[in-house]
Amino acid sequence: MSAVARDSVTGDPQASELLDLVRPELRAFAGYASARREASGGEVMLNANENPWPVAGDARGLNRYPQPQPEALLQRLATLYGVPSVNLLVGRGSDEAIDLVVRALCRAGQDAVLIAPPTFGMYAVAATVQGAALRSAPLCAEQDFALDVDALLAAVDASVRVVFVCSPNNPTGAQLPIAGIERLARELAGRALLVVDEAYAEFASGPSALALIARYPGLAVLRTLSKAYGLAGARIGSLIADPTLIGVLRSIMAPYPLPTPSVDAALAALSPAAVQLARSRVALLCEERSRLAQGLASLPGVRKVYPSDANFLLVRFADAAAVYRRTIAAGIVLRDPSRQPGLEGCLRISIGTPDENDRLLALLASTSPPATAEATS
Ligand SMILES: *Cc1c(COP(=O)(O)O)cnc(C)c1O
């Protein structure tokens, strides 16, 4: 793959600028030459030490190694996201792409990752695992966690190789204005890779950063089938970026990252009928998000329901610990992000089915106000 990476660099100053951000020892690294990558499509496959017989009951050929990046899946995802398939890397969830980007760009003990907290925890995990420093430019808590583009840019020094922004942001919920993202892409060009994590883009009303990819080679966008497409268990996520970066990441990626059953599940989930169903469910979840937000806002123990463009709500409670205990005792599990700075007293609530949301609202209504109830329990 590095051959591809270098070919696409030839005579392309933007691509070589991008390659300058990659760890020097990986710029021309070819990675593992797997049998499936070297040759496929023959009739008698004696090159991969596979077992020639499928296991009992297997109709899909699980005795064979899968394609590293199955063409049919690339095509469907390219259509779904409206990008050329050469811009796609498909991995084991977008979590894998986050890890690959940090490993490819950050030299351990030297380089840094910049984030805008409170945000998704995997950016910090990937930085720690790679031995990269973690820098932060916090979101503006007083302004519903708006992105402070100036503060983020001011935090970029020569050691920062990757800047992660999450839009809509997990766990705060708001989508970041596209103008701010474009300004970041413009000003970071040649200095650091900007990764916009759009795991929740399907639930948002504003435009996706995907439209900017062609103009900014230093911009990468993460999408996933885990949320809107109901496929968290299959682990299929995409990084959309310049082909130069895709080539580098493929060279350090596991040789067979996508299990055949997951690829089959993704292809099924991306059939026209399945996509239509997924879109109607997203619409229902967005309606439920408004209904749940209104219901929660009317409860006395609720201080604030933050605006959300995702399939969850961030809610600040008078006594979040009590609410958490009440709900878990009733078998309803919420996410407690309250240890992150700025999120004291907050819980994150995923939007469920209408029945599930009703159960939550009924429980919280019956236990409000929590102060006296807690004192006796
Ligand atoms: C859920 C989530 C992901 C993880 O997606 P996978 O594709 O399941 O790995 C990535 N980013 C954010 C912000 C998320 O909330």
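Residues numbered from 1 in each chain as written. Predicted model: local features only at pLDDT ≥ 70, side-chain atom pairs only at ≥ 80, totals over all residues. Heavy atoms only, no water.

A.B. asks: I would appreciate a short explanation of the overall build of the protein chain in the present structure.
C.D. replies: Secondary structure assignment for the protein chain yields 14 helices and ten strands. The C-alpha atoms of the protein chain give a radius of gyration of 22 Å, which matches the 21 Å a tight globule of 377 residues would have. Taken over the C-alpha atoms alone, the protein chain extends approximately 70 × 55 × 35 Å along its principal axes. Burial analysis of the protein chain (377 residues in total) assigns 52% to the buried set. Sequence separation of 24 or more characterises 69% of the internal contacts of the protein chain that already satisfy a separation of 6 or more. (Helix = DSSP H or I, 4+ residues; strand = E, 2+ residues; numbered from the N terminus. Rg over C-alpha atoms; globule rule 2.2 N^0.38 Å. Buried < 20%, exposed > 50% of the residue type's maximum accessible area, 1.4 Å probe, protein only. Contact = heavy atoms within 4.5 Å.)

A.B. asks: Would you take a moment to explain the sheet that holds strand 9 (residues 312-317) for this structure?
C.D. replies: Either a parallel or an antiparallel arrangement is found when strands of a sheet pair, and the pairing is made through backbone hydrogen bonds. Taken together, three strands build an open sheet; the order of strands is 8-9-10 and the sheet is antiparallel. The open sheet has two edge strands with one neighbour each: strand 8 (302-305) and strand 10 (346-350). Sheet twist, expressed as the average angle between the axes of neighbouring strands with direction ignored, equals 30 degrees. As paired elements, strand 8 and strand 9 share three bridges and run antiparallel to each other. Opposite Val302, over in strand 9, you have Phe317 as the bridge partner. (Pairing = 2+ DSSP bridges. Axes fitted to C-alpha atoms, helices over the stretch in contact; angles between N-to-C directions.)

A.B. asks: Is there a simple way to explain the sheet that holds strand 3 (residues 133-136) in this structure?
C.D. replies: If you trace the seven strands from one edge of the open sheet to the other, you get 1-7-6-5-4-2-3, paired in mixed fashion. Among the strands making up the open sheet, the edge pair consists of strand 1 (88-92) and strand 3. Neighbour-to-neighbour, the strand axes of the sheet open up by a mean angle of 25 degrees, direction not taken into account. Across four bridges, strand 2 (residues 112-115) lies against strand 4 (residues 160-166) in parallel orientation. In the sheet register, Ile115 faces strand 4, and the bridge partner there is Phe164. Most of the contacts of helix 8 (residues 178-188) go to strand 5 (residues 193-197), to which it runs at about 160 degrees, and overall it touches strand 4 and strand 5.

A.B. asks: Before we go on, may I ask you to explain the side chain of Asp58 in this structure?
C.D. replies: For Asp58, the location among the structural elements is in the loop between helix 3 (35-38) and helix 4 (71-81). With no salt bridge to any partner, buried Asp58 finds its closest opposite charge in Arg60, at an N-O distance of 4.8 Å. A distance of 2.6 Å separates a polar atom in the side chain of Asp58 from the backbone nitrogen of Leu62. (Lys, Arg positive; Asp, Glu negative; His and termini not counted. Salt bridge = Lys/Arg side-chain N within 4 Å of Asp/Glu carboxyl O. Polar contact = N/O pair within 3.5 Å; in protein donor to acceptor, adjacent residues only side chain to side chain.)

A.B. asks: Please explain the confidence of the model for the protein chain as it appears in this structure.
C.D. replies: Any region with low pLDDT has predicted coordinates that should not be read closely. Confidence along the protein chain averages 93 in pLDDT terms, with 94% of residues attaining 70 or more. Scored below 50 in pLDDT, residues 1-10 makes 18 contacts in the model with residues more than four places away or belonging to other chains. Segment residues 370-377 is flagged for pLDDT under 50; beyond a separation of four residues in sequence, or across chains, it makes six contacts in the model. (pLDDT = per-residue confidence, 0-100.)

A.B. asks: Where do I start with the site of the ligand in this structure?
C.D. replies: In the vicinity of the ligand lie 13 residues, with Asp197, Tyr200, Thr224, Ser226 and Lys227 positioned nearest. Interatomic distance of 2.8 Å between a side-chain N/O atom of Asn170 and an oxygen atom of the ligand. Between the ligand and Asp197, the relevant distance is 2.6 Å, taken from a nitrogen atom to a side-chain nitrogen or oxygen of the residue. In the complex, 94% of the free accessible area of the ligand, which totals 390 Å², lies under the protein chains. The dominant element in the shell around the ligand, judged by the number of residues it contributes, is helix 5 (residues 93-105), at three residues. Here the residues of the shell around the ligand are counted per class, giving four nonpolar, five polar and four charged. (Near = heavy atom within 4 Å. Areas by Shrake-Rupley, 256 points an atom, 1.4 Å probe, with all protein chains shown as cover. Nonpolar A, V, L, I, M, F, W, Y, C, P; charged D, E, K, R; others polar.)

A.B. asks: Looking at this model, I keep getting lost on the packing of helix 12 (residues 320-329) against helix 13 (residues 354-366). Mind explaining?
C.D. replies: At their nearest, the axes of helix 12 and helix 13 sit 11 Å apart, and the two run at 125 degrees to each other. Comparing their axes, helix 13 and helix 12 come out oblique. Crossing of helix 12 against helix 13: the hand is right-handed. Taking contact as the criterion, the partners of Val323, Arg326 and Thr327 in helix 12 are, on helix 13, Leu360, Leu363 and Leu364. A per-class count over the contact of helix 12 with helix 13 returns four nonpolar, one polar and one charged. (Parallel < 35°, antiparallel > 145°, perpendicular 65-115°, else oblique. Left-handed = near helix turned anticlockwise from the far one by under 90°.)

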